[in-house]
Amino acid sequence: MSFVLEFQNVVRAHRENEPVVDDVSFTVGQGEVVGLLGRNGAGKTTLIRLAIGLLHPQGGSVRAFGLAPTDRPVEVKKRIGYVAEDQVLPATATVKELIVFHRFLFPEWDMGLERQLKDRFSMPSQARINTLSKGQARQVALLCAVCHRPELLLLDEPAGGLDPAARREFLETAIQLLNREGSAILFSSHQMSDVERIGARVVLIERGKVCLNRDLARIREDFCVAMVPRSALRDGAVLERAPGCLRVRSSFDSWHAVFEKPPEEVSAELSALLGVDGVHCVRMPLEDLFVEMVGGQR
Amino acid sequence: MQLYVNPSDEVPIFRQIVRQITEGIAGRRLAPGEKLPSHRELAEELVIAPMTVKRAYDELEMLGFIETQRGCGTFVCAAPPKPDRSSQRDETRAEARMLLSRAYLGGLRFSDVVKLLKEADREVTEGRAEKEES
């Protein structure tokens, strides 16, 4: 598979010795949809800004279509669409003016797609940006990001602050684009149901490092959380050493341990290891798994 | 035939599609030779990644339930694979025992199991019966 985006041992700190992105490596293949997850401040936005060349990596390398985004800004930006988390659009411009401006920026601009999206979103062309609702402003930002038919779409919290209907519409548009052009999408989101719906793979970032990079179907079938009462086990480190264990955290009166193994296997192994009957192991939806992987101790 | 996906279900989306199409073929709601929606159409309809549809179709093709004709689309196989009848009987007999054992351990009676089997039959042959009732 050829990669449209490649992070290799990327390091970036905003202040000295406090890396926000710390030795991150992962790739996005052609036509792939990858969900970038992590708590607030984990480094997601920084990664996206590195991908489009708004930031220089201080270590490692970032490659988009095999090019360094900071060395070849024009070539890379032509092939990327980007919607920032709090996209700042010129407040007093009208929707039409903004779109015309983008048409000039991108020679490959697709008028047909522009018309289609305007109709679909019933976009008020004459309205000024500062009179739009949050949902409408996002739609304008999306239109400006996709009408040059990018090969890679970077969406930073695309659903932030949108109601469920607007979110669905946003996703539908992204999928249509993906279908038509085979574009890849890297999107950060806290909406786990969106990630589960359109994502094929998730990359989970914790404190600037990749702590999980897996196929979603695999997470569904081959991951589980074991719950062991503290009364049966004093020291959670025993679980950490068990094969396949990714993380242990304490929760009230039990240990919660994430395993990369089906629950039946883990239950049998832990029962034997700890000498207790029927250790409770369950598969978890992404949202709960997220909490188990990066949530705090209780 | 209408497909549904539930992204927060324990079963991955591609398997949900595989299961529903398999049930559709088994229950004759999808006729042999019938054309299935393209990857693109189904991805747009269900709002899921095209790759997920591809994965489901690849699996169904591997199982021998559907076939892709280059440039024409994807179709339900004219003759879905038939396992050897006597071995199918043995397998189903073993599964029936397991099913009953678990049901009895869970406190269900034979009549409850029969009722559930009939329900399952309706779901397979007529489509999501439980959905329509609610």
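What you see is a predicted model, and the numbers here were worked out from it, not measured in a lab.

Draft legend 1. View of helix 2 (residues 39-46) of chain B. Along helix 2 of chain B, the positions that sit buried rather than exposed are Leu 42, Ala 43 and Leu 46 of chain B. One side of helix 2 of chain B holds all its buried residues, which, seen down the axis, span an arc of 100 degrees. Packing partners of the buried residues in helix 2 of chain B comprise helix 6 (164-181) and helix 7 (192-198) of chain A together with helix 1 (13-26) and helix 3 (50-62) of chain B. At the C-terminal side of helix 2 of chain B, Val 47 of chain B shows a positive phi close to 55 degrees.

Draft legend 2. Focus on the interface of chain A and chain B. Counting from both sides, the interface comprises 21 residues of chain A and, opposite them, 20 residues of chain B. It is Asn 179, Arg 197 and Arg 220 of chain A in chain A that bury the most area against chain B; as a group they hold 36% of the surface buried on that side. Where chain A touches chain B, the interface holds 2 salt bridges. Here chain A and chain B share 7 residue pairs in polar contact (both at pLDDT 80 or more) between them. Among the elements of the structure, helix 6, helix 7 and helix 8 (216-222) of chain A are those that each provide at least two residues to the side of chain A that touches chain B. Sorting elements by how many residues they give to the side of chain A that touches chain B places helix 6 of chain A first, with 8 residues. Partitioned by chemical class, the residues of the side of chain A that touches chain B number 6 nonpolar, 5 polar and 10 charged.

Draft legend 3. View of the pattern of salt bridges. Applying the stated rule across the entire model yields 24 salt bridges over all chains. Across the salt bridge formed by Glu 32 of chain A and Arg 201 of chain A, the nearest N and O atoms sit 2.9 Å from each other. Of this pair, Glu 32 of chain A sits in the loop between strand 2 (18-29) and strand 3 (33-38) while Arg 201 of chain A sits in strand 8 (residues 201-206), and the two are 169 residues apart along the sequence. As far as the burial class goes, Glu 32 of chain A and Arg 201 of chain A line up, both buried. Here Glu 44 of chain B and Arg 40 of chain B are joined by a salt bridge, their closest N and O atoms 3.9 Å apart. Of the two residues, Glu 44 of chain B and Arg 40 of chain B both sit in helix 2, 4 residues apart, roughly one turn of that helix. For Arg 40 of chain B, a relative accessible area of 42% puts it in the partly exposed group. Among the ionic contacts, a cluster of salt bridges with common partners joins Arg 214, Arg 218, Asp 222 and Glu 260 of chain A.

Draft legend 4. Structural detail: the packing of aromatic side chains. All names here are of chain A. Counted according to the given criterion, the structure contains 2 aromatic pairs over all chains. Each ring, one from Phe 7 and one from Phe 26, has its centre 4.9 Å from the other, and the planes form 35 degrees; the classification is tilted. Residue Phe 7 is located in strand 1 (residues 3-15), and its partner Phe 26 is located in strand 2; the two are separated by 19 residues in the primary sequence. Exposure remark for Phe 7: the relative accessible area of 2% places this residue in the buried category. The class of Phe 26 is buried, set by a relative accessible area of 3%. Over the face of the ring belonging to Phe 65 we find Arg 79, whose NZ or CZ atom lies 4.1 Å from the ring centre.

Draft legend 5. Examining the domain arrangement of chain B more closely. Residues and elements named next belong to chain B. Domain annotation for chain B reports domain 1 (13-76) and domain 2 (85-133). Domain 1 and domain 2 are separated by 25 Å when their C-alpha centres are compared. Buried surface at the junction of domain 1 and domain 2, summed over both partners, amounts to about 360 Å²; 53% is from carbon and sulfur atoms. Broken down residue by residue, the surface that domain 1 buries against domain 2 is led by Glu 23, Gly 27 and Arg 29, which jointly contribute 81%. Linking domain 1 with domain 2 are 0 salt bridges, by the criterion used here. Counting across the interface, domain 1 meets domain 2 through 2 residue pairs in polar contact (both at pLDDT 80 or more). For the side of domain 1 that touches domain 2, a count of residues per class yields 1 nonpolar, 1 polar and 2 charged.

So, how was this worked out
Residues numbered from 1 in each chain as written. Chains lettered and ligands numbered in written order. Predicted model: local features only at pLDDT ≥ 70, side-chain atom pairs only at ≥ 80, totals over all residues. Heavy atoms only, no water. Buried < 20%, exposed > 50% of the residue type's maximum accessible area, 1.4 Å probe, protein only. Helix = DSSP H or I, 4+ residues; strand = E, 2+ residues; numbered from the N terminus. Arc of directions from axis to C-beta. Contact = heavy atoms within 4.5 Å. Buried area = accessible area lost by both parts, 1.4 Å probe. Salt bridge = Lys/Arg side-chain N within 4 Å of Asp/Glu carboxyl O. Polar contact = N/O pair within 3.5 Å; in protein donor to acceptor, adjacent residues only side chain to side chain. Nonpolar A, V, L, I, M, F, W, Y, C, P; charged D, E, K, R; others polar. Phe/Tyr/Trp six-rings, centres within 6.5 Å; stacked < 30°, edge-to-face > 60°. Lys NZ or Arg CZ within 6 Å of the ring centre and 35° of its normal. Domains from an automatic or database assignment.

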